[in-house]
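Here is how the chains run, residue by residue.
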Amino acid sequence: MEKICVAVRLRPPVSAEDSINGTFWKVEDNRISLHKIHGTPLSSSSYAFDHIFDESSNNSSVYHLLTKDIIHAALDGFNGTAFAYGQTSSGKTFTMNGSETDPGVIPRAVRDIFAKIETMSDREFLIRVSYMEIYNEEINDLLVVENQKLPIHESLERGVFVAGLREEIVNNAEQVLNLIQAGEVNRHFGETNMNVRSSRSHTIFRMVIESKGKDSESSNDCSISDVVRVSVLNLVDLAGSERIAKTGADGVRLKEGKYINKSLMVLGNVINKLSDGSKQRGHIPYRDSKLTRILQPALGGNAKTSIICTIAPEEIHIEESRGTLQFASRAKRITNCVQVNEILTDAALLKRQQLEIEELRKKLQGSHAEVLEQEILKLRNDLLKYEMERGKLEMELEEERKSRDQWIREQWSKIENSNTKSFSDYGTNDSQGLGLMRHRLTEEYSEINSTSQEDIFKSPCFKAAPSAFVAQRSKYSSLPDYGPLPDAFSNVADEDMWLKMNNGYVADLDSLQTTPTRKVQSFPPSDTTAGCTSEFEKYELEVQDLRRQLELANERINELEQKHSEDVPSSKQLMGETPKRQQDTQLIHELPLRLSKSVENFKDSFEEVLSVIQRSASGGKLSTAKMLSTMSEIGVQLFTTLEAHFAMNMNGERCLTGDNEQQKVFHERMNKIITSLELSESPITGQERKHLCSCSEHKGSGLGGETAYSKEDLNERYESLGRELQLLKDERDSLLQKFSESSEKLAMVSSQKENVLKYLNTEVQRRKNLEGEVKQFTAAFASRQKSFISFHSDHKTKLEKLRAQTPISLPKSFGCQD
Ligand SMILES: Nc1ncnc2c1ncn2[C@@H]1O[C@H](COP(=O)(O)OP(=O)(O)OP(=O)(O)O)[C@@H](O)[C@H]1O
């Protein structure tokens with residue numbers, strides 16, 4: 001029996017003002033007392049503990065004085081737990097995790113463990129770590145974010161454990177510290193009025209330490225390698241109790257606060273009951289919260305435990321600090337029953353007993369020879385008895401297995417018969433029916449298992465210890481798994497309740513409403529059912545596998561169909577645009593030809609007019625002025641028409657009628673000019689002369705020197721025509737440029753279209769393939785089902801044959817009526 005080690009740590013004041021005022025708490029050796037400020041101690045406010053750490057203490061001293069021994073004992077096979085308890089912002093996380101400059105208990109313990117292992121050269125170690133949090137009464141794995149809301153289970157082999165929690169095998173301290181760091185990221189923190197980084201959950205860092213001695217070759221005795229030590233070390237940072245009014249919590253924080261207070265209250269209740277002493281103790285409400293359930297071995301069980309209670313020095317926290325100290329005082333009274341956790345193999349157990357006999361034989365040479373002789377005989381008898389008993393048990397077990405097999409077969413056929421002898425009654429399809437049937441069978445089988453499991457697993461692998469923790473616990477095995485669970489309790493677990501609890505009040509949890517009993521998780525079926533169940537399972541697994549593959553194929557088809565339907569609008573749009581693009585391209589292709597044709601036409605008309613002019617000019621019938629004005633009129637007409645014509649073509653107006661119209665107009669005008677030229681074989685009219693004069697004046701050349709004027713004028717005209725020709729050439733070039741750009745664009749669009757078409761084709765092909773695969777799967781599935789049904793009917797026939805041959809009546813305990 002060993003008492004829990006309890007220490008108190010006083011946090012330094014947070015604000016400078018508080019530091020100046022001094023603290024109300026005075027620490028002397030292992031005693032802490034409340035004083036009036038600068039005054040005498042207050043009576044009934046003085047407490048003594050195993051250790052007191054004042055404001056100036058650091059994490060190193062906490063570790064060395066309070067935790068180190070527990071850590072070292074864990075390496076020797078003793079379970080160990082260290083946890084920090086106290087109101088919010090009093091320094092629990094600082095103590096457990098520490099800071100960069102002053103690492104806390106957890107990192108120190110991790111480093112210490114690996115350093116110590118280095119020195120234990122005679123043993124081999126296997127270390128596994130896990131890190132979990134209890135947030136709002138739900139257990140989450142901090143090492144694997146997806147592992148949430150994990151259930152607590154209990155087995156004789158493992159005791160209380162969290163199912164599904166990741167356990168990492170580790171080899172060095174750095175690896176563990178990295179895991180902790182990764183886990184810290186997933187932990188729930190939140191800001192409250194009292195702590196900017198307040199832990200909103202209880203965290204449990206756990207190390208499972210397994211070790212065995214390295215084999216010594218010379219030894220004939222019970223080999224030390226037959227003995228494996230397994231210890232569990234829990235390092236716990238509890239969330240802080242809080243008064244809602246002070247933390248200013250609302251919304252999520254308020255909900256968290258209630259859960260925190262509730263679980264701490266249950267912890268307080270457990271501590272209260274345990275501190276009552278074994279006679280008055282009664283029922284210990286471990287099952288009222290997940291925290292106490294997990295910490296059960298640490299509280300009155302098989303573990304070395306230390307608690308560090310942190311308090312805040314500020315005046316406003318005096319009440320809470322008193323509560324914490326009262327909690328600590330009660331915890332101090334708790335005794336644990338600590339023992340090394342050794343697991344022995346059967347061979348090791350026998351060797352041990354033989355060893356004891358040998359020792360006694362040696363003692364025979366001493367004075368109490370006769371007595372010792374007797375003792376040896378007795379031990380030998382015991383050994384024989386043990387051997388016989390074991391044989392008998394084995395036989396019984398074998399018999400039980402046989403009758404259980406038989407029972408299962410009977411149940412199976414009963415289920416078949418009672419369900420209209422067809423699978424289809426179990427569901428809409430055969431496989432569903434099989435699933436249900438199997439479920440039912442397994443459930444019934446589990447019920448039997450849960451009643452007889454204790455016998456099966458009571459193997460001598462565990463060192464027999466009548467006062468062991470596991471044995472003590474078994475008397476609660478009839479309690480519901482989540483017995484009086486204070487669900488409606490969150491409404492009452494407020495600050496006042498917490499304070500009352502800390503002042504020694506024990507909430508009557510048993511009177512609170514209870515949640516319905518949960519079925520105890522059954523052990524997986526043992527190999528006793530291997531005959532039919534494994535075949536059955538094999539088939540079912542195959543069916544499930546096929547089903548899964550079918551689902552996957554269907555999913556893939558759906559995916560492809562979705563993609564296809566997404567692609568259809570865009571490809572439709574592209575297809576719709578294609579004729580227009582083709583038209584554009586054709587237009588662009590035709591454009592230069594059409595333009596050159598038009599120009600050709602205009603050129604013909606122009607040449608015709610020119611020949612008339614030349615003729616008239618050579619005959620001297622046409623004055624230069626008339627010739628020039630005609631020329632300029634022709635030029636203007638020609639360019640205007642060409643301009644309009646080009647513009648129309650550039651705009652993509654593909655109106656041949658428009659082209660023709662323009663040409664017709666131009667020809668008409670040219671004809672008019674020719675007619676007027678032919679008519680003007682008479683001398684220049686007065687009006688023409690007038691016009692010509694005005695032109696000449698305008699040009700500033702005067703009327704004199706008709707030849708000079710016409711030359712200059714013609715040059716000018718020639719130059720302007722040259723310029724215009726250049727402009728036209730430029731325009732043609734830019735048109736060609738645009739044309740090539742459009743061609744490129746068109747080529748791009750066409751290749752895109754081709755790609756889309758290709759993609760569509762492959763998708764269609766793939767879909768066809770998948771459909772083929774689905775067909776294959778369906779066929780395979782159907783054939784599996786068929787063979788399963790035939791297997792089942794074979795089995796049934798065999799059973800019936802067997803039953804006909806040997807009618808067996810099963811024991812009543814298996815629920816057989818006939
Ligand atoms: N012994 C100490 N020395 C220096 N600073 C400390 C000490 N104890 C606590 N602190 C500081 O006080 C603040 C609150 O401490 P901490 O977060 O550890 O409190 P807590 O009890 O874990 O609170 P909660 O329950 O809200 O999570 C932190 O800023 C921490 O660094």
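Residues numbered from 1 in each chain as written. Predicted model: local features only at pLDDT ≥ 70, side-chain atom pairs only at ≥ 80, totals over all residues.

J.: Help me understand the overall build of the protein, please; the structure alone is not making it clear to me.
T.: Scanning the protein for helices and strands turns up 19 helices and 19 strands. A burial count over the protein gives 27% of its 818 residues as buried. Long-range pairs, those at least 24 residues apart, make up 74% of the contacts in the protein with a sequence separation of at least 6. (Helix = DSSP H or I, 4+ residues; strand = E, 2+ residues; numbered from the N terminus. Buried ≥ 20, exposed ≤ 12 C-beta atoms within 10 Å, placed from the backbone. Contact = placed C-beta atoms within 7 Å.)

J.: Even after reading the chapter, I still don't get the packing of helix 2 (residues 59–75) against helix 4 (residues 105–119), so can you show me in this structure?
T.: For any two helices packed against each other, the geometry comes down to the angle between their axes and how far apart the axes lie. Between helix 2 and helix 4, the least distance of the axes is 9 Å, while the angle of their chain directions is 45°. In terms of their interaxial angle, helix 2 and helix 4 are classed as oblique. Pair helix 2 / helix 4 crosses with right-handed handedness. Here Asn-59, Val-62, Tyr-63, Thr-67, Lys-68, Ile-71, His-72 and Leu-75 of helix 2 lie close against helix 4, whose contacting residues are Val-105, Arg-108, Ala-109, Asp-112, Ile-113, Lys-116 and Ile-117. Looking at side-chain class alone, the contact of helix 2 with helix 4 contains 8 nonpolar, 3 polar and 4 charged residues. (Axes fitted to C-alpha atoms, helices over the stretch in contact; angles between N-to-C directions. Parallel < 35°, antiparallel > 145°, perpendicular 65-115°, else oblique. Left-handed = near helix turned anticlockwise from the far one by under 90°. Nonpolar A, V, L, I, M, F, W, Y, C, P; charged D, E, K, R; others polar.)

J.: Teacher, can you tell me more about the environment of Leu-179 here?
T.: When you line up the elements, Leu-179 lands in helix 5 (residues 173–186). If near-sequence neighbours (up to four positions away) are discounted, Leu-179 is found in contact with Val-129, Tyr-131, Leu-143 and Glu-168.

J.: So what exactly am I meant to see when it comes to helix 2 here?
T.: Helical geometry: 3.6 residues make up each α-helical turn, so side chains three or four residues apart lie on a common side. The largest bend along helix 2 measures about 60° and falls at Thr-67. Of all the positions in helix 2, only Asn-59, Val-62, Tyr-63, Leu-66, Thr-67, Ile-70, Ile-71, Ala-74 and Leu-75 are classed as buried. Looking one or two residues beyond helix 2, the residue adopting positive phi is Gly-77, at roughly 105°. (Bend = angle between axes of the 7 residues up to and from the residue.)

J.: Is there a simple way to think about the nonpolar core in this case?
T.: The tendency in soluble globular proteins is for nonpolar side chains to be buried side by side. Val-6, Val-8, Leu-235, Ile-307, Cys-309 and Ala-328 are the most contacted members of the largest nonpolar core, which totals 82 residues. With residues up to four places along the chain from it excluded, the contact list for Ile-307 reads Ile-4, Val-6, Phe-83, Tyr-85, Ala-328 and Ala-331. Among the nonpolar cores identified, the runner-up in size contains 8 residues, and Phe-602, Val-609, Met-670 and Leu-677 belong to it. (Core = buried A, V, L, I, M, F, W, Y, C linked by C-beta atoms within 7 Å.)

J.: Just checking my understanding: could you explain the site of the ligand for this structure?
T.: Near the ligand lie 17 residues; those nearest to it are Gly-91, Thr-93, Ser-198, Ser-199 and Gly-240. Breaking the shell around the ligand down by element, the ones donating at least two residues are helix 3 (92–96) and strand 14 (198–199). In terms of residue count, helix 3 provides more of the shell around the ligand than any other element does, 3 residues in total. Residues of the shell around the ligand, tallied by class, amount to 3 nonpolar, 11 polar and 3 charged. (Near = placed C-beta within 6 Å.)

J.: Is there a simple way to think about the packing of helix 4 against helix 5 in this case?
T.: As a packed pair, helix 4 and helix 5 sit with axes 9 Å apart at the nearest point and diverge in direction by 155°. The angle between helix 4 and helix 5 places the two elements in the roughly antiparallel class. The element helix 4 and its partner helix 5 pack so that their crossing is right-handed. Taken together, the residues of helix 5 that come into contact with helix 4 (itself represented by Ile-106, Pro-107, Val-110, Arg-111 and Phe-114) are Ala-173, Val-176, Leu-177 and Ile-180.

J.: For this particular structure, what's the right way to read the pairing of strand 3 (residues 25–28)?
T.: Consecutive residues of a regular strand have side chains that alternate between opposite faces of the sheet. In terms of strand pairing, strand 3 meets strand 4 (residues 31–35) through 4 bridges, oriented antiparallel. Bridge assignment links Val-27 to a residue of strand 4, and that residue is Ile-32. Following strand 3, the chain reverses through 2 residues before pairing antiparallel with strand 4; Asp-29 in that reversal takes a positive phi of roughly 50°. (Pairing = 2+ DSSP bridges.)

J.: Quick question: what am I supposed to make of helix 9 (residues 318–332) here?
T.: With 15 residues, helix 9 should reach 21 Å at 1.5 Å per residue; the first-to-last C-alpha distance of 21 Å fits that figure. Along helix 9, the residues classified as buried are Glu-320, Ser-321, Gly-323, Thr-324, Leu-325, Phe-327, Ala-328 and Ala-331. (Expected span 1.5 Å × (residues − 1).)

J.: Teacher, can you tell me more about the environment of Lys-149 here?
T.: Its location among the elements puts Lys-149 in the loop between strand 9 (138–141) and strand 10 (152–155). The contact partners of Lys-149, leaving out residues within four places of it in the chain, are Glu-138 and Ile-139.

J.: Would you explain unusual backbone geometry in this entry?
T.: Trans is the prevailing form of peptide bonds, just as negative phi is the prevailing case for residues other than glycine. If you check the backbone angles, Ser-89 has positive phi at about 70° while not being a glycine. For Ser-89, the position within the fold is in the loop between strand 7 (80–86) and helix 3. By C-beta crowding, Ser-89 is classed as buried, having 25 other C-beta atoms within 10 Å. Positive phi is not limited to glycine here, since Asn-136 has a value of about 50°. Residue Asn-136 is classed as partly exposed on the basis of its 17 C-beta neighbours within 10 Å.

J.: Would you mind going over the confidence of the model for the protein with me for this structure?
T.: It should be kept in mind that the predicted coordinates are not to be read in detail where pLDDT is low. When pLDDT is averaged across the protein, the result is 73; 68% of the residues are at 70 or more. Within the protein, the element-level pLDDT minimum falls on helix 13 (residues 469–473), averaging 29, and the maximum on helix 4, averaging 96. This stretch, residues 420–438, has a pLDDT under 50; its non-local contacts, to residues over four places away or in other chains, come to 25 contacts. Here residues 504–533 scores under 50 on pLDDT; set against residues more than four positions off or in separate chains, the count is 49 contacts. At the level of chain-chain contacts, confidence expressed as ipTM amounts to 0.98, with global pTM at 0.49. (pLDDT = per-residue confidence, 0-100.)

J.: What is the right way to read the pairing of strand 17 (residues 304–311) from this model?
T.: Of all 8 residues in strand 17, 8 are buried; the element is thus mostly enclosed. Burial of the side chains of strand 17 extends over both faces: Lys-304, Ser-306, Ile-308 and Thr-310 are buried on one face and Thr-305, Ile-307, Cys-309 and Ile-311 on the other.

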